[in-house]
Amino acid sequence: MQITKDTVVTLRYKVADAKGKLIEESKDPMVYLHGGYGNTLPKIEAALDGRMPGYQVTLELKPEDGFGERDESLVRTIPKSEFPPGVKVGGQLEGRNDKGEQQIFNVMKIKGPVVMLDGNHPLAGMELRFSLKVTEVRAASEEEIAHRHVHGEHGHHH
């Protein structure tokens, strides 16, 4: 079956930086609903459109095609006293950005009485190399299309 709008695509992937240093490799397959639902990066969807299981490709993505440019306004230093006990480096907290929108912040550093947070995606500002292999393609269910994401194994569970 070909990858077209409203198909469920299963793939294995590796993400490396522009020099080829491995950043992440999928342990479990990635499964997404294809067709502009925002479940993967647009350049990945474009490269896989019309392809079949077994297809492999390596994509070089600029920051604007990946996780965006870094936004230094999303870096914050907050008094540790404002955090619940147990805040740890590597943790994530939900807060609000300068526009008042919900934002996930990563705890980057705890130094004395302050906590340093970063609301940028960890891969923001990086040129990335995605190596993809399509392992399965199937028609999406009506429910998956209505909910705009995959259900079941490796998908979304309600």
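Scroll up to find the structure this text is about.
Residues numbered from 1 in each chain as written. Predicted model: local features only at pLDDT ≥ 70, side-chain atom pairs only at ≥ 80, totals over all residues. Heavy atoms only, no water.

A sheet is described by the order of its strands in space; here four strands give the open sequence β5-β8-β7-β6, paired in antiparallel fashion. Where the open sheet ends on each side, the last strands, each with one partner, are β5 (75-79) and β6 (92-96). Averaged over all neighbouring strand pairs, the angle between strand axes comes to 40°, with direction disregarded. When strand β7 (residues 102-111) meets strand β8 (residues 114-118), the two strands line up antiparallel, connected through five bridges. By the bridge assignment, Asn 106 is partnered in β8 with Asp 118. (Pairing = 2+ DSSP bridges. Helix = DSSP H or I, 4+ residues; strand = E, 2+ residues; numbered from the N terminus. Axes fitted to C-alpha atoms, helices over the stretch in contact; angles between N-to-C directions.)

Here the focus is the environment of Lys 27. Its place among the elements puts Lys 27 in the loop between β2 (22-25) and β3 (30-33). On the accessibility criterion, Lys 27 (76% relative accessible area) is exposed. With 14 residues separating them in the primary sequence, Lys 27 and Tyr 13 have C-alpha atoms 9.0 Å apart. (Buried < 20%, exposed > 50% of the residue type's maximum accessible area, 1.4 Å probe, protein only.)

Further remarks concern the pattern of salt bridges. Scanning the model with the defined rule gives seven salt bridges in all. For Glu 127, the salt bridge is made with Lys 62, and the minimal N-O distance between the two is 3.5 Å. Taken together, the positions of Glu 127 in the loop between β8 and β9 (128-139) and Lys 62 in the loop between β4 (56-61) and β5 put the pair 65 residues apart, joining distant regions of the chain. We classify Glu 127 as partly exposed; its relative accessible area is 40%. Salt bridges sharing common partners tie together Arg 70, Glu 72 and Asp 118. (Salt bridge = Lys/Arg side-chain N within 4 Å of Asp/Glu carboxyl O.)

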